[in-house]
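# Reading the structure
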Amino acid sequence: MVRPDDRARRIEVLAAAHVFEQVAASTKSRLADALIPIELPAERVLFHSGVVGEGCYLVERGVLRVAIEDRNGNETWLAVLGSGDLVGELYLIDREARSATVTAMTDCRLWLLHGRDFDRLAAEDATVYRSVARLISKRLRVTNQQVCDQRLGLEDRLALVMLRLADAFGETMDDGRTLIRYPIRQSRLAEAAAASRENVNRQFKAWRESGLCEKLGRYYCLGHPPAWAELRQNGLALMTG
């Protein structure tokens, strides 16, 4: 039996979930009863690519990366997900093995929705199914854009990686700079940008000399906000142009 205070928390989580924003309150209430809480420490894998799952996960707090690996074990990032996002949604539709590996970048609190509960609720309210289908469609469009990323130059690719991290972990400092409060190795950034570490190092050196990026302790800091806004727009324009 779900305690009243725990149920209220589940309903708050669902209210913050982007994917279910068009679902009726009565259906959200039934969804809330089906959720199972999960604590996932930083750097722990939620699930591996190729493993058959059991459901999907709503993120209450924390940040996770979605990635695929090549034959040499190098990662390509597909997404960085956080509070309000749904993870592992493909399983709800096809019941196939996971298509990517999802790893916690920070300590996370998640809520598991079993596939069987999703099927039951989707049969009662088709909006549940359509909501997940729309999310998958949206993410497919993002993946299509990421394929176009491959024709971007190194600076644009690396800039988009840094901006994704800034969106997830950024803190605006008093002088307007953005501190990415997440310690990440340059080798990991090279993987995410599909570039060699040497070329990434050279790009950071150029950014540092122009005041665009520097290292403050363990964290990267983005300076000159107008220039980063221009890099974001340039990257998006090249992906869609």
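Structural data are supplied above this passage.
All values derive from a computational prediction rather than experimental measurement.

## With respect to the overall build of the protein
- The number of helices and strands found in the protein is nine helices and twelve strands.
- For a compact globule of 241 residues, the expected C-alpha radius of gyration is about 18 Å, and the protein comes in at 19 Å, within 12% of that figure.
- Its C-alpha atoms give the protein principal-axis dimensions of roughly 60 × 40 × 35 Å.
- Burial statistics for the protein: of 241 residues in total, 44% are counted as buried.
- At a minimum sequence separation of 6, the contacts of the protein that also span at least 24 residues come to 71%.
- The centroid of the 34 positive side-chain charges in the protein is displaced by 1 Å from the centroid of its 33 negative side-chain charges.

## Describing the pairing of strand β5 (residues 75-81)
- Relative to β5, strand β4 (residues 64-69) is paired through six bridges, and the arrangement is antiparallel. Residue pairing in the sheet places L64 in a bridge with L81 of β5.
- Hairpin connection, β4 to β5: the antiparallel pair is bridged by five residues, and G73 has positive phi, about 85°.

## Here's the deal with unusual backbone geometry
- We note that E43 has phi near 70°; this positive angle belongs to a residue other than glycine.
- With respect to the helices and strands, E43 occurs in the loop between β1 (36-40) and β2 (45-47).

## Examining the packing of helix α6 (residues 154-169) against helix α8 (residues 197-210)
- Close contact between α6 and α8 brings their axes to 11 Å; oriented N to C, the two are set at 80°. Taken as axis vectors, α6 and α8 run roughly perpendicular relative to one another. Taking contact as the criterion, the partners of L154, E155, L158, A159 and M162 in α6 are, on α8, N199, V200, Q203, F204 and W207.

## Quick notes on the pattern of salt bridges
- Tallied over the entire structure, the rule returns 13 salt bridges.
- For R61, the salt bridge is made with E39, and the minimal N-O distance between the two is 3.5 Å. With R61 in strand β3 (residues 55-61) and E39 in strand β1, this pair connects stretches of sequence that are 22 residues apart.
- The exposure class assigned to E39 is partly exposed, which follows from its relative accessible area of 46%.

## Let's talk about the sheet that holds β2
- The strand order across the open sheet built from four strands is β2-β7-β4-β5, with neighbouring strands paired in antiparallel fashion. Sheet topology places β2 and β5 at the edges, where each strand pairs with a single neighbour. Along the sheet, successive strands turn relative to each other by an average axial angle of 30°, direction set aside.

## Digging into the environment of A97
- Residue position: A97 is located in the loop between α3 (90-94) and β7 (101-104).
- Residues A97 and E21, spaced 76 residues apart in sequence, show a C-alpha to C-alpha distance of 27 Å.
- When neighbours within four sequence positions are excluded, A97 is seen to be in contact with G50, V51 and V52.

## Re helix α2 (residues 25-34)
- When we look at burial in α2, the residues that qualify are T27, K28, L31, A32 and A34. Looking straight down α2, one finds its buried side chains confined to an arc of 155°; they lie on one side.

Rules used in this analysis
- Counting of residues starts from 1 at the beginning of each chain's written sequence and follows it residue by residue.
- Reporting of local features is limited, given that this is a predicted model, to residues whose pLDDT is at least 70; pairs of side-chain atoms are given and counted only at 80 or more, and all residues count toward the totals for whole chains, interfaces and linings.
- Side-chain measures here rest on the full set of heavy atoms in the structure, leaving out hydrogens and waters.
- In this text, helices come from DSSP runs of H or I with a minimum length of four residues, and strands from runs of E with a minimum of two, each type numbered from the N-terminal end.
- Radius of gyration: C-alpha atoms only; globule rule: 2.2 Å multiplied by the number of residues to the exponent 0.38.
- The rule is simple: take the accessible area with a 1.4 Å probe, protein chains only, and divide by the maximum for that residue type; under 20% is buried, over 50% is exposed, in between is partly exposed.
- By definition, residues are in contact when any of their heavy atoms lie within 4.5 Å.
- Residues scored as positive are Lys and Arg, those scored as negative are Asp and Glu, and His as well as the terminal groups of each chain are ignored.
- A single reference atom marks each charge: NZ on Lys, CZ on Arg, CG on Asp, CD on Glu.
- Pairs of strands are assigned from DSSP output, requiring at least two bridges between the strands.
- Here an axis means a line fitted to C-alpha atoms, over the contact stretch when the element is a helix, while the angle between two N-to-C directions is reported on a 0 to 180 degree scale.
- For this classification, under 35 degrees means roughly parallel, over 145 means roughly antiparallel, 65 to 115 means roughly perpendicular, and everything else is oblique.
- Criterion for a salt bridge: a side-chain nitrogen of Lys or Arg within 4 Å of a carboxyl oxygen of Asp or Glu.
- Directions pointing from the helix axis toward each C-beta atom define the arc.

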